[in-house]
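# Results of the structural survey
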Amino acid sequence: MVIKTATFLQSNTKIDKLPAANKPEYAFIGRSNVGKSSLINMLTNNGKLAKVSATPGKTITINHFIINGEWYLVDLPGYGFAKRSLKDREMWEKMLDSYIMNRQNLIVTFVLVDSRIEPQKIDLEFMAKLGESQVPFVIIFTKTDKLKKNQLINNIEAYKTRLLEEWEELPTMFVTSSESGLGKDDVLDFIEEYNKGFRQI
């Protein structure tokens, strides 16, 4: 897939005010500071599409972008260690649950994982909730350019081993780097294939 246009559409916290569910939609989510905005910008060839910040928890709304006029890319608030009040975090969790569990045109949720660190409880719990709710998801390993090749291989294998302690089979996984563009074509080709299926519905 070639990204020709990537346009910001809207930011919202109200599920009933989201764009009409008439196009395939792909959501990106992960722990705060996992490199989500950088990944989105890399995928869309637009360094300024998603706002990159050194401050974890910058994204606090559901942000819709329309890609090639054909599908929605959604930037979701990060979960984890954002320096926000308990009330705010509870509000976001409720909003995210409502969106992910009920958005009819949501094809896949991309769960971003920092390839440099060991499996985190908060990520595993989030994936488990998606699995239990039968919400399709894919794992995207980020920041792989920060590791040597052997380290990366070992870290991903360790992650797979940890997942197989609780899962019968592994979800689809992509290895990416916002710096080098690694994994870009793989992710976009994956989306393109699912878009074809959506048009047949």
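Source: prediction; values computed, not measured. (Residues numbered from 1 in each chain as written. Predicted model: local features only at pLDDT ≥ 70, side-chain atom pairs only at ≥ 80, totals over all residues. Heavy atoms only, no water.)

Next up on the list: the overall build of the protein. When helices and strands are counted, the protein shows five helices and seven strands. In the protein, the order of α-helices and β-strands from amino to carboxyl end is β-β-α-β-β-α-β-α-β-α-β-α. For the protein, the C-alpha radius of gyration of 16 Å lies close to 17 Å, the compact-globule estimate for 201 residues. Each principal axis of the C-alpha atoms in the protein carries an extent, and together these give about 45 × 40 × 35 Å. In the protein, buried positions account for 48% of the 201 residues. The averaged location of the 25 negative side-chain charges in the protein is 8 Å from the averaged location of its 27 positive side-chain charges. (Helix = DSSP H or I, 4+ residues; strand = E, 2+ residues; numbered from the N terminus. Rg over C-alpha atoms; globule rule 2.2 N^0.38 Å. Buried < 20%, exposed > 50% of the residue type's maximum accessible area, 1.4 Å probe, protein only. Lys, Arg positive; Asp, Glu negative; His and termini not counted. Charge placed at Lys NZ, Arg CZ, Asp CG, Glu CD.)

Given two aromatic rings, their pairing is described by the distance between the two centres and the angle made by the two planes. As enumerated under the stated definition, the model contains nine aromatic pairs in all. Measuring from centroid to centroid gives 5.9 Å for Phe-110 and Phe-190, while their planes differ by 70°, and the two rings are edge-to-face. A residue pair is termed long-range when its members are at least 10 positions apart, and Phe-110 in strand 5 (residues 106-114) and Phe-190 in helix 5 (residues 184-199) qualify at 80 residues. Side by side, Phe-110 and Phe-190 carry an identical accessibility label, which is buried. Ring plane angle 70° and centroid distance 5.6 Å describe the contact between Phe-137 and Trp-167, whose orientation is recorded as edge-to-face. With Phe-137 in strand 6 (residues 137-142) and Trp-167 in the loop between helix 4 (149-163) and strand 7 (173-175), this pair connects stretches of sequence that are 30 residues apart. The class of Phe-137 is buried, set by a relative accessible area of 11%. (Phe/Tyr/Trp six-rings, centres within 6.5 Å; stacked < 30°, edge-to-face > 60°.)

For Val-135, the location among the structural elements is in the loop between helix 3 (121-132) and strand 6. On a C-alpha basis, the gap between Val-135 and Ile-67 in space is 22 Å, while along the polypeptide they are 68 residues apart. When residues no more than four places from it in sequence are discounted, the contact partners of Val-135 are Ile-100, Met-101, Thr-109 and Leu-130. (Contact = heavy atoms within 4.5 Å.)

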